[in-house]
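Structure assessment
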Amino acid sequence: MRSGRAPIPLRGAREARDAVTLARLLRGTITPLRGDEVLALLEPHRPRLVPKPVNPLGAMLGQPQGRLLEALLRPTAPIILDVLLPRLRDHLIDRVVHNKGAAEDGLPGALEAATALRALVALLRGAGRGAVLSVVSAIEADARADADRLVRGEAPTASTEDDPAGVTAGAMDSLAHALLRFEARRLMLETLGATVALRDVVYQSRRLTRHALRRAAEAMDGFGADRGIKALHASLATLASVDGLLVVAMRNLDDQEEHREEANAFVEPADRKAMNDCLSAAWRLSDTLFDLVGKAANGGDLDELLFEALLRQLRSLHQFCTDLDHAGRPAVLDTLERRLAERSRALAGIAGERLVGILLARPADPAKARRLLARGQSLAQLLYDMGQDGDELEALALRLVVARDALNHAAA
């Protein structure tokens, strides 16, 4: 929202509340008293040129509920059709398509309002269906435009000279939020009974999910290919948004479960291929990270900030493997999770032995020892974050304490 401008109010807030109340009243037992409640509810919405309706139920005691409902709808239908449903239509479009906030107290949820819209149209035997179709068409067009914009790279995922992989900070989170908006659209279309539009929105959601996984795979593979700063930034940005990546992966696994496609020797289902490619890229990235971290833990020259960045990626990869809880979870995730833990424990042993070796070497090199001490502390924190608090962590912690005491004594 641009500064200096008042927020655009949400249309049809009162009508949405009253439509939900009206649908509830008409679902109950129709009595003359209930008729008075309906007329009182609709009176503020009655156009000036429409005569004030009179409750017809007083003279119909003992009649069947169907006839009572029909008699009550006859004088109130013009108000519902001409005022209530169009405003309810605008309200839902504002909420779902234009993503406007709702600050009014007591405002019903969008799904509750959509349920009321569908119920009123059904009670009117299809009259007012144009309001439902308008909402459905707006949601479907918005979903298609949103998917096109994101997949074509017109969002923060667009490739640039400074971001060759097309993944900037927060891009994965943006894609995850877009997928959550698709979930809201799917729920709305299911509520409105729009099966044809629902299939199109589901297709657009699957398309966006595959795109997000491909972007993540490209970012992770990019760092393994050239190990440059730009590629490191893209890889860091992807794994820093591990929660967003988890949302994308969960949506992909749901898609695979909902739309089972038979694989053969020549064709792999697109949803499964996107996930497998992303996991393969994560495996290759772990090899690159352990190669660089292993050299640094053994005393190699590496910038300390870069070393911490590499450890953050290992931590995020492990978190991704452990937090992706789904019935269709690929088995390779379990293998990668064990591998990350095992190699991290091995690195801790190497770092501890190397630190002791530097302390015992003659002539002494306090600067190198302090650098290895700091890296050992970071590796110990990595093991702790991974839940690897066994013998390896205890052995490393003991060596770190001894090394710190030795360096402090030497300095004194």
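Our structure is the block above this text.
Below you will find a few notes about this structure. For clarity, every value in this text was computed on a predicted model and none was experimentally measured.

**Digging into the side chain of serine 241**
- Mapped onto the fold, serine 241 is located in the loop between helix H8 (229-240) and helix H9 (242-258).
- Within the structure, serine 241 has its side chain in polar contact with the backbone oxygen of alanine 237 (distance 3.3 Å).

**Examining the nonpolar core**
- By size, the foremost hydrophobic cluster in this structure holds 117 residues, and its most contacted members are Leu22, Leu117, Met220, Phe320 and Leu379.
- Of the residues forming this core, the biggest block, 14 residues, is contributed by helix H3 (residues 65-96).
- Discounting residues that sit within four places of it in the chain, methionine 220 has contacts with Ser235, Leu239, Cys278, Ala281, Ala282, Leu285 and Leu317.

**Section: helix H7 (residues 195-226)**
- With 32 residues, H7 ought to run about 46 Å at 1.5 Å a step, and its terminal C-alpha atoms sit 47 Å apart, in line with that.
- Arginine 227 sits one or two positions beyond H7 and adopts a positive phi of about 55 degrees.

**Here's the deal with the pattern of salt bridges**
- According to the stated counting rule, one finds 32 salt bridges in the structure shown.
- The salt bridge involving arginine 210 is made with aspartate 271; its shortest N-O contact spans 2.8 Å. Taken as a pair, arginine 210 in helix H7 and aspartate 271 in helix H10 (residues 270-297) lie far apart in primary sequence, 61 residues in all. Each member of the pair, arginine 210 as well as aspartate 271, carries the same accessibility label: buried.

**Description of the packing of helix H2 (residues 32-42) against H3**
- Closest axis-to-axis distance for the H2/H3 pair is 11 Å, and the angle between their directions is 25 degrees. One finds that H2 runs roughly parallel with respect to H3. Here H2 and H3 pass one another in a crossing that is left-handed. Only Leu72, Thr76, Ile79, Ile80 and Leu84 of H3 make contact with H2, whose side of the interface consists of Gly35, Val38, Leu39 and Leu42.

**Regarding the environment of threonine 238**
- Position of threonine 238 relative to the elements: it lies in helix H8.
- Once the C-alpha coordinates of threonine 238 and aspartate 405 are considered, the two residues, 167 residues apart in sequence, prove to be 39 Å apart.

**Focus on the packing of aromatic side chains**
- Inspection of the entire model under this criterion finds zero aromatic pairs.
- Positioned over the ring face of phenylalanine 182 is arginine 185, at 4.6 Å from the centre of the ring.
- Sitting above the plane of the phenylalanine 307 ring, arginine 375 keeps its charged end 5.5 Å from the centroid.

The rules behind the values
Residues numbered from 1 in each chain as written. Predicted model: local features only at pLDDT ≥ 70, side-chain atom pairs only at ≥ 80, totals over all residues. Heavy atoms only, no water. Helix = DSSP H or I, 4+ residues; strand = E, 2+ residues; numbered from the N terminus. Polar contact = N/O pair within 3.5 Å; in protein donor to acceptor, adjacent residues only side chain to side chain. Core = buried A, V, L, I, M, F, W, Y, C linked by side-chain atoms within 4.5 Å. Buried < 20%, exposed > 50% of the residue type's maximum accessible area, 1.4 Å probe, protein only. Contact = heavy atoms within 4.5 Å. Expected span 1.5 Å × (residues − 1). Salt bridge = Lys/Arg side-chain N within 4 Å of Asp/Glu carboxyl O. Axes fitted to C-alpha atoms, helices over the stretch in contact; angles between N-to-C directions. Parallel < 35°, antiparallel > 145°, perpendicular 65-115°, else oblique. Left-handed = near helix turned anticlockwise from the far one by under 90°. Phe/Tyr/Trp six-rings, centres within 6.5 Å; stacked < 30°, edge-to-face > 60°. Lys NZ or Arg CZ within 6 Å of the ring centre and 35° of its normal.

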